[in-house]
Amino acid sequence: MSDTCCQAKPRQPLLCPACGGRALAVGRDTLLFHLKAPWRFELVAEGYGHCPHPGCELVYFAGSAERYLAAQLHHPVASKLPEAEEVTLCHCFGISRREAHDPQVRAFVVEQTRLERCRCTTHNPSGQCCLRDFPPLEEG
Ligand SMILES: [Zn+2]
């Protein structure tokens, strides 16, 4: 899949301070897009960690003071809800997990990504390419 992914590549892995799982580095812009009422937060760090693990309420963190939980975002996080079909998987184009099973939808996203029209760095909660979250292609 890597040849179809956009430039929002995974970066240096971090550890989630809540669950101890591997977290991903994201920028402040990603939090500004996803946090509900972002003006209420100071967002003092330059860089943040994102925890994608289901069962862990922590979504973003920085240092020892900054913690942002799933309930503080203005939408559910798909990676935290692996069974949810109606959750938005791709915020670049408003695609749910259910829609992401459709090969035509996937082809659209692959094409937009190739044309660099996606916004995965900010619009995907993980900062990674949305195609990484798409369900695996069913072998025909
Ligand atoms: Zn975690």
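Residues numbered from 1 in each chain as written. Predicted model: local features only at pLDDT ≥ 70, side-chain atom pairs only at ≥ 80, totals over all residues. Heavy atoms only, no water.

Caption draft 1: Representation of the overall build of the protein within the structure. When you go through the protein residue by residue, the secondary structure sums to four helices and seven strands. Ordering the α and β elements of the protein from the N terminus gives β-β-α-β-β-β-β-β-α-α-α. Relative to a compact globule of 140 residues, whose C-alpha radius of gyration would be 14 Å, the protein shows 15 Å and is just as compact. The principal-axis extents of the C-alpha atoms in the protein amount to approximately 50 × 30 × 25 Å. Within the protein, buried positions represent 44% of all 140 residues. Look at the contacts in the protein between residues 6 or more apart in sequence, and 53% of them connect residues 24 or more apart. Accessible surface, the protein as shown: approximately 7900 Å² in total, 53% of it carbon and sulfur. (Helix = DSSP H or I, 4+ residues; strand = E, 2+ residues; numbered from the N terminus. Rg over C-alpha atoms; globule rule 2.2 N^0.38 Å. Buried < 20%, exposed > 50% of the residue type's maximum accessible area, 1.4 Å probe, protein only. Contact = heavy atoms within 4.5 Å. Areas by Shrake-Rupley, 256 points an atom, 1.4 Å probe, with all protein chains shown as cover.)

Caption draft 2: View of helix α3 (residues 103-114). Its 12 residues place the ends of α3 16 Å apart at the C-alpha level, agreeing with the 16 Å of an ideal helix rising 1.5 Å per residue. For α3, the capping residue at the N-terminal end is Asp102, with a side-chain oxygen 2.8 Å from the backbone nitrogen of Gln104. Glu116 sits one or two positions beyond α3 and adopts a positive phi of about 60 degrees. (Expected span 1.5 Å × (residues − 1). Polar contact = N/O pair within 3.5 Å; in protein donor to acceptor, adjacent residues only side chain to side chain.)

Caption draft 3: Inspection of the coordination of the zinc ion at higher detail. Protein ligation of the zinc ion involves Cys16 (SG), Cys19 (SG), Cys51 (SG) and Cys56 (SG), the donor distances falling in the range 2.2 to 2.4 Å. Metal-centred angles of 105 to 115 degrees between the four donor atoms at the zinc ion mark the site as tetrahedral. Sequence positions of the donors to the zinc ion reduce to the motif C-x2-C-x31-C-x4-C. Of this pair, Cys19 sits in the loop between β1 (14-15) and β2 (22-27) while Cys51 sits in the loop between β3 (47-50) and β4 (58-62); the two residues are 32 residues apart in sequence, bridging distant segments of the chain. You can call Cys19 partly exposed: its relative accessible area is 39%. (Donors = N, O, S within 2.8 Å, 3.2 Å for Na, K, Ca; no water. Tetrahedral: all angles 85-135°; square planar, octahedral: opposite > 155°, others 65-115°.)

Caption draft 4: Spotlight on the packing of aromatic side chains. Scanning the model with the defined rule gives three aromatic pairs in all. For the pair Phe93 and Phe108, a centre-to-centre distance of 5.3 Å together with 80 degrees between the ring planes defines the contact as edge-to-face. With a gap of 15 residues between them, Phe93 in the loop between β6 (88-90) and β7 (95-96) and Phe108 in helix α3 connect regions that are remote in the sequence. For Phe108, a relative accessible area of 40% corresponds to the partly exposed category. (Phe/Tyr/Trp six-rings, centres within 6.5 Å; stacked < 30°, edge-to-face > 60°.)

Caption draft 5: Seen up close, the nonpolar core. Of all hydrophobic cores here, the largest spans 17 residues; its most connected members are Ile95, Cys120 and Phe134. Of all the secondary structure elements, the ones that give two or more residues to this core are β6 and α3. With near-sequence residues (within four places) excluded, Ile95 lies in contact with Val87, Thr88, Leu89, Cys90, Ala100, Val105, Val109 and Phe134. (Core = buried A, V, L, I, M, F, W, Y, C linked by side-chain atoms within 4.5 Å.)

Caption draft 6: The arrangement of the sheet that holds strand β5 (residues 66-69) in detail. The strand order across the open sheet formed by five strands is β1-β2-β3-β4-β5, and the pairing between neighbours is antiparallel. With partners counted over all chains shown, the strands left at the sheet margins are β1 and β5, one partner each. Sheet analysis places β2 next to β3, joined by four bridges and oriented antiparallel. The residue of β3 that forms the bridge with Ala25 is Gly49. (Pairing = 2+ DSSP bridges.)

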